[in-house]
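Below are the chains, spelled out letter by letter.
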Amino acid sequence: MTILRIQNLGKAYKRYFSHWARLAEWCLPSSRPRHHVHWALQDVNCEIRHGEAIGIVGMNGAGKSTLLKIIAGTTQPSSGSIEMNGRIAALLELGMGFHPDFTGRQNVVMAGQLFGFLVEEIKAILPEIEAFAEIGDYIDQPVRTYSSGMLMRLAFAVATAQRPDLLIVDEALSVGDSYFQHKSFRRIRTFRDEGTTLLLVSHDRSAIQSICDRVIVLHDGKVVKEGPAEEAMDFYHALLAARDVKLIRQERQTYGKVQTISGGGEVTVSEIRLLTEDGKPVEAIETGTNVRLEITARVNKPVSEAVMGFMIKDRLGQIMYGINSYRMGQTIEHLTAGEQMVFCFQFAMNLGKGNYSITTAISKMDSHLADNYEWCDGGVIFSVLNTKKADFAGSVSLDATLSVQRLSVSPEAKQDDKS
Amino acid sequence: MVNTQIKAIWSYRGFIWGSVQREFQSRYRNSLLGSFWAILTPLATILIYTLIFSRLMQVRLPGMNDTLAYSIYLCAGILTWGLFAEIIGRCQTVFLENANMIKKLTFPRICLPVIVVLNAGLNFLIIFGLFLSFLVLVGKFPGWVIVALPPVLIIQIALAIGLGVSLGIINVFFRDVGQFIAIVLQFWFWFTPIVYPASVLPESILPWYRLNPMVSVVSAYQSILLYGQWPQWSTLVPATLIAISVCLLAIALYRRRAGEMVDEI
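Residues numbered from 1 in each chain as written. Chains lettered and ligands numbered in written order. Predicted model: local features only at pLDDT ≥ 70, side-chain atom pairs only at ≥ 80, totals over all residues.

Caption draft 1: Quick look at the overall build of chain B. Assigned secondary structure in chain B consists of 11 helices and zero strands. Sequence-ordered secondary structure for chain B, helices as α and strands as β, is α-α-α-α-α-α-α-α-α-α-α. Over its C-alpha trace chain B gives a radius of gyration of 20 Å, about what one expects of a compact globule, namely 18 Å for 265 residues. Considered along the principal axes of its C-alpha atoms, chain B spans approximately 60 × 45 × 35 Å. Counting all 265 residues of chain B, 33% fall into the buried class. Sequence-distant contacts in chain B: of pairs separated by 6 or more residues, those separated by 24 or more amount to 81%. (Helix = DSSP H or I, 4+ residues; strand = E, 2+ residues; numbered from the N terminus. Rg over C-alpha atoms; globule rule 2.2 N^0.38 Å. Buried ≥ 20, exposed ≤ 12 C-beta atoms within 10 Å, placed from the backbone. Contact = placed C-beta atoms within 7 Å.)

Caption draft 2: Spotlight on the packing of helix α3 (residues 36-56) of chain B against helix α6 (residues 111-137) of chain B. Residues and elements named next belong to chain B. Running from amino to carboxyl end, α3 crosses α6 at an angle of 65°, the nearest separation of the two axes being 10 Å. Crossing of α3 against α6: the hand is right-handed. Residues A38, I39 and P42 of α3 form the contact with α6, whose participating residues are N123, I126, I127 and L130. Each residue belonging to the contact of α3 with α6 can be placed in one class, and the counts come to six nonpolar, one polar and no charged. (Axes fitted to C-alpha atoms, helices over the stretch in contact; angles between N-to-C directions. Left-handed = near helix turned anticlockwise from the far one by under 90°. Nonpolar A, V, L, I, M, F, W, Y, C, P; charged D, E, K, R; others polar.)

Caption draft 3: Expanded view of the environment of V20 of chain B. Residue and element names in this part refer to chain B. Along the chain, V20 turns up in helix α2 (residues 13-28). Taking the C-alpha atoms as reference points, V20 and V114, 94 residues apart in sequence, are found 9.4 Å from one another. In contact with V20, not counting residues within four places along its chain, are I115, L118, N119 and L122.

Caption draft 4: View of the sheet that holds strand β18 (residues 340-348) of chain A. All names here are of chain A. Pairing is antiparallel across the open sheet formed by three strands, whose spatial order is β12-β14-β18. In the strand order of this sheet, the two ends are held by β12 (267-276) and β18, each with one partner. Here the strands of the sheet are splayed against their neighbours by 20° on average, with no regard to which way each runs. Pairing between β12 and strand β14 (residues 290-299): nine bridges, direction antiparallel. (Pairing = 2+ DSSP bridges.)

Caption draft 5: Region of the structure containing the interface of chain B and chain A. Each side of the interface is counted separately: chain B has 20 residues, and chain A has 23 residues. Sorting the residues of the side of chain B that touches chain A by element identifies α2, α5 (99-104) and α11 (237-264) of chain B as the ones contributing at least two each. Looking at which element gives the most residues to the side of chain B that touches chain A, the answer is α2 of chain B, with five residues. Its residues placed into classes, the side of chain B that touches chain A shows eight nonpolar, seven polar and five charged.

Caption draft 6: Here's a closer look at unusual backbone geometry. Residue and element names in this part refer to chain A. Positive phi, close to 50°, is recorded for H334, a residue that is not glycine. Mapping H334 onto the fold places it in strand β17 (residues 332-335). Given 10 C-beta atoms within 10 Å, H334 falls into the exposed group. Positive phi, normally seen in glycine, also occurs at D399, with a value near 50°. Along the polypeptide, D399 turns up in the loop between β20 (372-385) and α9 (411-418).

Caption draft 7: The sheet that holds strand β1 (residues 2-16) of chain A, seen in detail. Residues and elements named next belong to chain A. Taking strand neighbours across the sheet as the criterion, the three strands line up as β2-β1-β4 in an open arrangement whose pairing is antiparallel. Both edges of this open sheet fall to β2 (35-49) and β4 (79-84), since each of them pairs with a single strand only. Between one strand axis and the next, the sheet turns through 20° on average, direction left out of account. One ladder, built from 11 bridges, connects β1 with β2; its direction is antiparallel. Paired with R5 across the strands is E47, a residue of β2.

Caption draft 8: Region of interest: the environment of V201 of chain A. Here V201 of chain A is to be found in strand β7 (residues 197-201). Each C-alpha atom, one on V201 of chain A and one on T387 of chain A, is 40 Å from the other, the two residues being 186 residues apart in sequence.

Caption draft 9: Here's a closer look at α2 of chain B. Between its first and last C-alpha, α2 of chain B extends 23 Å over 16 residues, near the 22 Å set by a 1.5 Å rise per residue. Along α2 of chain B, the residues classified as buried are G14, F15, G18, S19 and R22 of chain B. Buried residues of α2 of chain B, viewed axially, fall in a sector of 120°; they line one side. Residues of α2 of chain B that are buried sit in contact with α3 (104-114) and α4 (119-133) of chain A together with α6 of chain B. (Expected span 1.5 Å × (residues − 1). Arc of directions from axis to C-beta.)

Structure below.
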């Protein structure tokens, strides 16, 4: 069942050259328009079903906030339609409408009224709100005496007092200390399990990939990518570097993964090979063994300098390790068109068991955000096995050793035990 | 449209009533005398005008000769004008004052002017109730004629709401309106027979004077409260028509500009 259907949604802001221009337009309705229109959102189409978790990512100014405001209903769209079935709660502006001079309890009632509840309905859920916020006797003190953490806790408890059908969560949401953060995320997860649709805005890749089923990438007010979390997040990261949708292409590989490539294309990777020490290609590697990563690059246009780097990411997209030629003291200068280079990185695969992917990047400098020649996500997929070492937890092999010393207990100490 | 707005107001009645209470409480919360100030301020105004106009400048009402009559005349105009000016003044800034809430929360915006009107009404009820008790005390209560008050009040409140909401919406787009209206209200006050009787005016400006809808409204209050006579209903017809038109204007403006307003605040 669809909970939210957005069709051809657009939001335009009118920009007048002066206030007089607006006055003229108001008073002379037949005259030419005296403003120009800035589209913050354009042609957004999306359908969200019950119980889905959707991530929304995009650079600053991409239109995320505008979209959320329209979904939450504070702003009206300029074109298109939005159809909503159910109650929305937005954890965007916690504590809005709290009045400093009134007690926590009075403010809870007021906030509830602002959500459209009646006093009796709020009174019924008040004990639960109090219990969740854990602010104790402060509930009867004016909220100006609260610490900011207490205020946020109370506001969060109010906003989530009743399970909404659609919950909008902003990543900037940090509610109190880590204890309460866990508690609030537990509540959000419970809501999700009970069927609440989640809309998560975040830049945190692991948060998005661990929670969301689908991700929408916004760029310049348009949806440039919508798809499974990992694929869309790769696209988003490519976008951060390329800043232009046209420079990004995604290819579905034979193994089912999607490879995301972006960049100006001055220098491109033609082959990535993961080899054992003696030069045999591998896809499954025993943890702790030495490997060679061979990256072949071709120069398509002459460039003054190039830096080659690689990163190993786990299945959630978290970076396990990454380094580049610049940081390793090797600068490659004066590259001519047609030239080929083979970079060979050697290292011991000290990772825990699991699936990993390799990202390669060629850029002019240490950072790929300026003059990115090519950025390729998900180029090589490999897995790490652990059949020989002790079965350890986590993704880093620290090769711990163990010695146990058992100390014999002296007779006096035994006496002490008895007494 | 009007129907859905009324429904929205009804379903947010909890919020509206809560806000009215909260505003009333917060105004006097940190003061020692509390809501006593709500009475002291207009009392001071009445005292000053009575002293200056009745005592010093010897303004006399036709057919009446005592100071008390002048005070009643003054109260009839000043208290009701206070309600009128409060609704207009607060309505025209209500959207700007609550910009944060409007931008960040979803609720029917129409609740905001409703809260303003209810609050102004509450203040008015307190002070006017005291005034009526005072009339009973000095034996000047007008009697049955008092039932003519509510219809006149309704006309006046409708006029104030229509003007206030229209100006409130325009004020979001053109901030000059707020400054301008403060000046206009001052002129309007002195262009209405509140402090002085209309009889002192020169003949030549009377045609202009009659264009002011508040003249007939305030005169109606004075005839009820001071003279104990029924108001001349026919004089109130233009004021009623003007009130209806400004209310329609407010609805039209709200309908066209409410969405755009959020982007502009």
